[in-house]
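Residues per chain, in single letters:
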Amino acid sequence: RLMALREDYDRGRIPPNGLILVASADVQGAAIYVEVLALGADRQSWVVEALVLDGDTTDHKSGAFAKLNALYEKQWPDSFGGQRRIDAFGVDSGFRSHVVYAWCRERPNTFALKGGDGWSRQPIGMPQLVDINLGDKKIANGASVYMVGGWSLKGGFYADLRKPRVVEGAETEPVGACHFGSWLDEVYFVQLTN
C-alpha cells in the first residue's frame, strides 16, 4: 500500500511545502543508515534522501563517518532556486556511543540520541552531559545525549501511515501525511514497516 502512495518528486530536492530539513542516522558495525526529511505544516513529511553509507564506523573522522560529514555539509536545493543546509541532525548513540559523541561534539545542530523503552517516555528528553574527565566530573560543553521515547513516536508514526490519503479518496491530506518519492524501493518500505 505504501509503495502505491509514492509520488513523482525529485530525489534530493526540498519540496515546496518543506519548511524544516532534518536528518537522522543509525550507526551499525559497517555502515550508517541515513534518512533526510523535509517537514511541513500539520506534521507532513517528505523523504528527501535515504542512504546507506558503507564503511568502518570505529572512527568519527573516517570511513562511514567521513561520508556522514559530507552529508552534514551538503547544500540541499529547494523548489525556489535556493540552497539549504540540514537544520537538525540526530544520530542514534546506542551503538559505538563514544564515536557518535565525538562526531556530534564537533558539529553544531547535531544531537546524539538514545532510545528509551516505555509508553510514558516523552518524545524527546532534556540533554544529559555524558563527557566526564578522570576526576569523574562532567566536562563543560562536552557531548550531550537526548533520550528519545521511541514507543510513543513509533505509535504515532504508524498511525499516520494508516490514514487515508488524497490519492485513495480522502478530501485533503491528513495531519501527519508521509510523502514518499517514486525513487524509494521495496527494501526501504520493508525496513520502514518491520
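Residues numbered from 1 in each chain as written. Predicted model: local features only at pLDDT ≥ 70, side-chain atom pairs only at ≥ 80, totals over all residues. Heavy atoms only, no water.

## Here's the deal with the nonpolar core
By size, the foremost hydrophobic cluster in this structure holds 41 residues, and its most contacted members are Ile 32, Val 34, Leu 68, Phe 89 and Phe 180. Counting residues per element, the ones that place at least two in this core are strand S1 (20–27), strand S2 (31–39), strand S3 (45–54), helix H1 (64–73), strand S6 (88–92), helix H2 (97–105) and helix H4 (186–193). Aside from chain neighbours lying at most four places away, what touches Ile 32 is Ala 25, Asp 26, Val 27, Leu 51, Val 52, Leu 53, Thr 57, Ala 64, Phe 65 and Leu 68. (Core = buried A, V, L, I, M, F, W, Y, C linked by side-chain atoms within 4.5 Å. Buried < 20%, exposed > 50% of the residue type's maximum accessible area, 1.4 Å probe, protein only. Helix = DSSP H or I, 4+ residues; strand = E, 2+ residues; numbered from the N terminus. Contact = heavy atoms within 4.5 Å.)

## Describing H4
Every buried residue of H4 is listed here: Tyr 188, Phe 189 and Leu 192. The arc enclosing the buried residues of H4, seen along the axis, measures out at 95 degrees, which places them on a common side. The exposed set on the far side of H4, more than 90 degrees from its buried face, consists of Glu 186 and Val 187. Residues of H4 that are buried make contact with S2, S3 and helix H3 (150–162). (Arc of directions from axis to C-beta.)

## Considerations on the environment of Asp 87
As for its placement among the helices and strands, Asp 87 is situated in the loop between strand S5 (83–84) and S6. Separated by 42 residues in the primary sequence, Asp 87 and Ser 45 place their C-alpha atoms 14 Å from one another. When residues no more than four places from it in sequence are discounted, the contact partners of Asp 87 are Ile 20, Leu 21 and Asn 109.

## As for the pattern of salt bridges
Counted under the stated rule, the structure contains 10 salt bridges. A salt bridge links Glu 106 to Lys 61; the shortest N-O distance between them is 3.7 Å. You can see Glu 106 sitting in the loop between H2 and strand S7 (110–116) and its partner Lys 61 sitting in the loop between S3 and H1, a full 45 residues away along the chain. Among the residues examined, Glu 106 registers a relative accessible area of 42% and is labelled partly exposed. Given the relative accessible area of 57%, Lys 61 is considered exposed. Close ionic contact of Glu 173 with Arg 165 constitutes a salt bridge, the shortest N to O distance being 2.6 Å. Residue classification places Glu 173 among the partly exposed residues on the basis of a relative accessible area of 27%. Using a relative accessible area of 4% as the deciding quantity, one classes Arg 165 as buried. (Salt bridge = Lys/Arg side-chain N within 4 Å of Asp/Glu carboxyl O.)

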